[in-house]
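These are the residues of each chain, in order.
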Amino acid sequence: MTDEFCGGCNRVRLTADGSIMNCLFGNDEFPVRDALRSGATTAELMDIVQSAADAKHARLGGREDMHDLNSAEALNRPMVRIGG
């Protein structure tokens, strides 16, 4: 990464398989597809989105630094698998 953009990131992403990711560097995903398919109300969907936003770390998916991102437990889905 040539320019650290985490400090100004206010985004969440809806993946191609129906989960919300609150950070490209994180492993947290919040399932929306199953809730939609089971007829969730708008309030229930908003709770899922709010949970994702509340769990968003300030930077790097909660990792200490860029070197910590390379650890085995920090590996997440590549962008092509996210659907972005």
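Refer to the structure above for everything that follows.
Let us look at the structure shown here. (Residues numbered from 1 in each chain as written. Predicted model: local features only at pLDDT ≥ 70, side-chain atom pairs only at ≥ 80, totals over all residues. Heavy atoms only, no water.)

**Some details on the overall build of the protein chain**
Argument step 1. Assigned secondary structure in the protein chain consists of three helices and three strands.
Argument step 2. Starting at the N terminus and walking to the C terminus, you meet the elements of the protein chain as β-β-β-α-α-α.
Argument step 3. Taking all 84 residues of the protein chain together, the buried fraction comes to 29%.
Argument step 4. Across the protein chain, the fraction of contacts at a sequence separation of at least 24, relative to all contacts at a separation of at least 6, is 49%.
Argument step 5. Taken as a whole, the protein chain presents about 5700 Å² of accessible surface, with 52% of it coming from carbon and sulfur. (Helix = DSSP H or I, 4+ residues; strand = E, 2+ residues; numbered from the N terminus. Buried < 20%, exposed > 50% of the residue type's maximum accessible area, 1.4 Å probe, protein only. Contact = heavy atoms within 4.5 Å. Areas by Shrake-Rupley, 256 points an atom, 1.4 Å probe, with all protein chains shown as cover.)

**Quick word on the side chain of asparagine 22**
Argument step 1. Mapped onto the fold, asparagine 22 is located in the loop between strand E2 (19–21) and strand E3 (29–31).
Argument step 2. Owing to a relative accessible area of 1%, asparagine 22 belongs among the buried residues under this scheme.
Argument step 3. Engagement of the side chain of asparagine 22 in a polar contact is seen with the backbone oxygen of alanine 52, the distance being 3.0 Å.
Argument step 4. Among all residues touching asparagine 22, those that are not within four sequence positions of it are Arg11, Val12, Asp28, Phe30, Ala52, Ala55 and Lys56. (Polar contact = N/O pair within 3.5 Å; in protein donor to acceptor, adjacent residues only side chain to side chain.)

**Focus: the nonpolar core**
Argument step 1. Core analysis: the largest hydrophobic core is formed by six residues, namely Ile20, Phe30, Val32, Ala35, Ile48 and Ala52.
Argument step 2. Leave out the neighbours within four places in its chain, and isoleucine 20 touches Val12, Arg13, Leu14, Asp28, Glu29, Phe30, Val32, Ile48, Val49 and Ala52. (Core = buried A, V, L, I, M, F, W, Y, C linked by side-chain atoms within 4.5 Å.)

**Examining the sheet that holds E2**
Argument step 1. Spatial ordering of the open sheet is given by E1-E2-E3, a layout of three strands whose pairing is antiparallel. Strands at the two margins of the open sheet, each flanked by one partner only, are strand E1 (13–14) and E3.
Argument step 2. With three bridges joining them, E2 and E3 adopt antiparallel strand pairing. Across the sheet, residue methionine 21 finds its bridge partner in E3, namely glutamate 29.
Argument step 3. Packed on one face of the sheet, helix H2 (residues 42–54) meets E2 and E3 and runs near 175° to E3. (Pairing = 2+ DSSP bridges. Axes fitted to C-alpha atoms, helices over the stretch in contact; angles between N-to-C directions.)

**So, the environment of glycine 18**
Argument step 1. Checked against the element boundaries, glycine 18 lands in the loop between E1 and E2.
Argument step 2. Of the residues examined, glycine 18 reaches a relative accessible area of 13% and is grouped as buried.
Argument step 3. In the structure, glycine 18 is positioned 13 residues away from proline 31 in sequence and 6.3 Å away in space, judged by C-alpha atoms.
Argument step 4. With residues up to four places along the chain from it excluded, the contact list for glycine 18 reads Phe30, Pro31, Val32 and Arg33.

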